[in-house]
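Breakdown of the fold
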Amino acid sequence: QVQLVESGGGLVQAGGSLRLSCAASGRTFSSFRMGWFRQAPGKEREFVAEISWSGVGTYYGDSVKGRFTISRDNAKNTVYLQMNSLKPEDTAVYYCAADTTNIRRRDNADYWGQGTQVTVSS
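Residues numbered from 1 in each chain as written. Predicted model: local features only at pLDDT ≥ 70, side-chain atom pairs only at ≥ 80, totals over all residues. Heavy atoms only, no water.

Points about the overall build of the chain
Helix and strand counts for the chain stand at one helix and eleven strands. Listing every helix and strand of the chain by position from the N terminus yields β-β-β-β-β-β-β-β-β-α-β-β. Here the C-alpha atoms of the chain give a radius of gyration of 13 Å, agreeing with the 14 Å that 2.2 N^0.38 yields for 122 residues. If one aligns the C-alpha atoms of the chain with their principal axes, the spans along those axes are about 40 × 25 × 25 Å. The 122 residues of the chain split such that 45% are buried. By element, 45% of the accessible surface of the chain is carried by carbon and sulfur atoms, the whole surface being about 6100 Å². Looking at charge distribution, the chain has the averaged site of its 14 positive side-chain charges lying 4 Å from that of its 11 negative ones. (Helix = DSSP H or I, 4+ residues; strand = E, 2+ residues; numbered from the N terminus. Rg over C-alpha atoms; globule rule 2.2 N^0.38 Å. Buried < 20%, exposed > 50% of the residue type's maximum accessible area, 1.4 Å probe, protein only. Areas by Shrake-Rupley, 256 points an atom, 1.4 Å probe, with all protein chains shown as cover. Lys, Arg positive; Asp, Glu negative; His and termini not counted. Charge placed at Lys NZ, Arg CZ, Asp CG, Glu CD.)

What to know about the sheet that holds strand E8 (residues 78-83)
Whether parallel or antiparallel, the strands of a sheet pair through hydrogen bonds between backbone atoms. Spatial strand order, E1-E3-E8-E7: four strands in an open sheet with antiparallel pairing. Edge strands, defined here as strands with exactly one partner in the open sheet, are strand E1 (3-7) and strand E7 (68-73). For this sheet, the mean angle separating the axes of adjacent strands, direction not counted, is 15°. (Pairing = 2+ DSSP bridges. Axes fitted to C-alpha atoms, helices over the stretch in contact; angles between N-to-C directions.)

Some thoughts on the packing of aromatic side chains
The final tally for this structure, using the stated rule, is four aromatic pairs. Geometrically, the ring pair formed by phenylalanine 37 and phenylalanine 47 is edge-to-face, given 5.7 Å between the ring centres and 75° between the ring planes. Linking phenylalanine 37 in strand E4 (residues 33-39) with phenylalanine 47 in strand E5 (residues 46-51), this pair joins segments that are ten residues apart in sequence. You'll find phenylalanine 37 and phenylalanine 47 in the same group, each marked buried. Centroid distance tyrosine 95 to tryptophan 112: 6.5 Å. Interplanar angle 80°. Geometry classified as edge-to-face. One end of the pair, tyrosine 95, is in strand E9 (residues 92-99); the other, tryptophan 112, is in strand E10 (residues 111-112), with 17 residues separating them in the sequence. (Phe/Tyr/Trp six-rings, centres within 6.5 Å; stacked < 30°, edge-to-face > 60°.)

As for the pattern of salt bridges
Counted according to the given criterion, the structure contains seven salt bridges. Two residues, arginine 38 and aspartate 90, come together in a salt bridge whose shortest N-O distance is 2.8 Å. Linking arginine 38 in strand E4 with aspartate 90 in the loop between E8 and E9, this pair joins segments that are 52 residues apart in sequence. For the pair shown, arginine 38 and aspartate 90 are each scored as buried. Its relative accessible area of 2% is what places aspartate 90 among the buried residues. One network of salt bridges, with partners in common, ties together Arg38, Glu46, Arg67 and Asp90. (Salt bridge = Lys/Arg side-chain N within 4 Å of Asp/Glu carboxyl O.)

Structural data, given as structure tokens:
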């Protein structure tokens, strides 16, 4: 029903920035709340950020507050994650997620992208 494709991952030095993009197709993009999760090797999946249908409401995991910003462009069917002041602890595979209900409360989502690797070197 929904296909999500992430891009923008890569290698960056600590203190640097990256912007991840997630392009959605298959259904009306504005019908979904969008979010990002991440998972580092050997660790559980962690909630990163969520944005409401309108883009007004945003929510962040404690570890990224003040450093990451989620946004969406419904005209382009795309959600973004701007990551600033990156730390080695941010190294993980980042997954785009979509759902019609609250993602953070569920700590899950109905639709997922394939993931994109973000590596932060010290």
